[in-house]
Amino acid sequence: LDRESFEDALTDVEAGYYLIHSMGSGTGFEERDRTAAKNFAEAASAAGLDRVIYLSGLGVGADDLSPHLRSRREVEQVLSRGTYELTVLRAAIIVGKQSTSFRMVRQLSSRLPVMVTPRWVSTRVQPIAIRDVIAYLVGVLAVSDTAGTTYEIGGPEVLTYREMLVETGRLVTGRRPIILPVPVLTPRLSAHWVALVTDVPASVSSPLIEGMTTDVVVTDDSIREVVPIERTPFQTAVKRALAEDDDD
């Protein structure tokens, strides 16, 4: 947000990774993300960067996107105005220790043996392991043909949020939580429910939950031909994330 604070870091740099979003600082994140992306695009252009790689959000058509995902797409547009070549990777839930979305799933599934949940537990999602995200981020930089292109990235499985909760709960506690969907829990009420059960505040969970009402599944897997990697199964990704917690 303060352009002068990072301009010097761009000196003699050929490529930059833009992994910033400000949703964690509460409401008004759209304007902060817009400003931060504009500052970076201008500074990176002035510094003469050749490539910029941005990790964005996976989602369906622009008309159906939640405010959180619409903001991610707007950042794509702002970054695309730079003089460098932009590569965009769009991901759904990233399975890793510090992932806010996965933290919500992990804590909900392990703290409540029986859950009365919103209807979004039936929404389909394609989670991806943090190691795979990093492999793709590194891989596209090494392939010049990816410059100026947008790719969707995901793990090998398409799951519902219910399936994610059940499997994560089993791996954390050894038992499968009982999940009872009800139609009366709106995204706003869901956010307060999540805030009560987890350490994710409602200001952060609310925009995330709004994005859980529509499927976020890869529809174009052309990245697999450009950057071939062995994708990590969801169960393995969860186990690795849990092991990192145990190491602390």
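Above this text is the structure in question.
Predicted model only: the values in this text are computed from it and were never measured.

Some points on unusual backbone geometry
Most peptide bonds take the trans form, and the phi angle of most residues other than glycine is negative. At Asp12, a residue that is not glycine, the phi angle is positive and equals roughly 60°. Considering the arrangement of structural elements, one finds Asp12 in the segment before β1 (15-18). Its relative accessible area of 77% is what places Asp12 among the exposed residues.

Things to note about a nonpolar patch on the surface
A surface patch of nonpolar side chains, amounting to about 500 Å² of accessible area, comprises Tyr17, Leu19, Ile130, Ile134, Val138 and Leu141. Per-element accounting of the nonpolar patch gives the leading share, four residues, to helix α4 (residues 130-142). By the secondary structure assignment, Val138 is in helix α4.

Quick notes on the environment of Leu10
Note on placement: Leu10 falls in the segment before β1. The exposure class of Leu10 is buried, given its relative accessible area of 9%. Sequence-wise, Leu10 and Phe40 are 30 residues apart; in three dimensions their C-alpha atoms are separated by 9.8 Å. In contact with Leu10, not counting residues within four places along its chain, are Phe40, Ala43, Ala44, Ala47 and Leu49.

Calculation notes
- Residues numbered from 1 in each chain as written.
- Predicted model: local features only at pLDDT ≥ 70, side-chain atom pairs only at ≥ 80, totals over all residues.
- Heavy atoms only, no water.
- Helix = DSSP H or I, 4+ residues; strand = E, 2+ residues; numbered from the N terminus.
- Buried < 20%, exposed > 50% of the residue type's maximum accessible area, 1.4 Å probe, protein only.
- Patch = residues over 30% accessible without salt bridge, like charges linked within 9 Å, V, L, I, M, F, W, Y side chains within 5 Å.
- Areas by Shrake-Rupley, 256 points an atom, 1.4 Å probe, with all protein chains shown as cover.
- Salt bridge = Lys/Arg side-chain N within 4 Å of Asp/Glu carboxyl O.
- Contact = heavy atoms within 4.5 Å.

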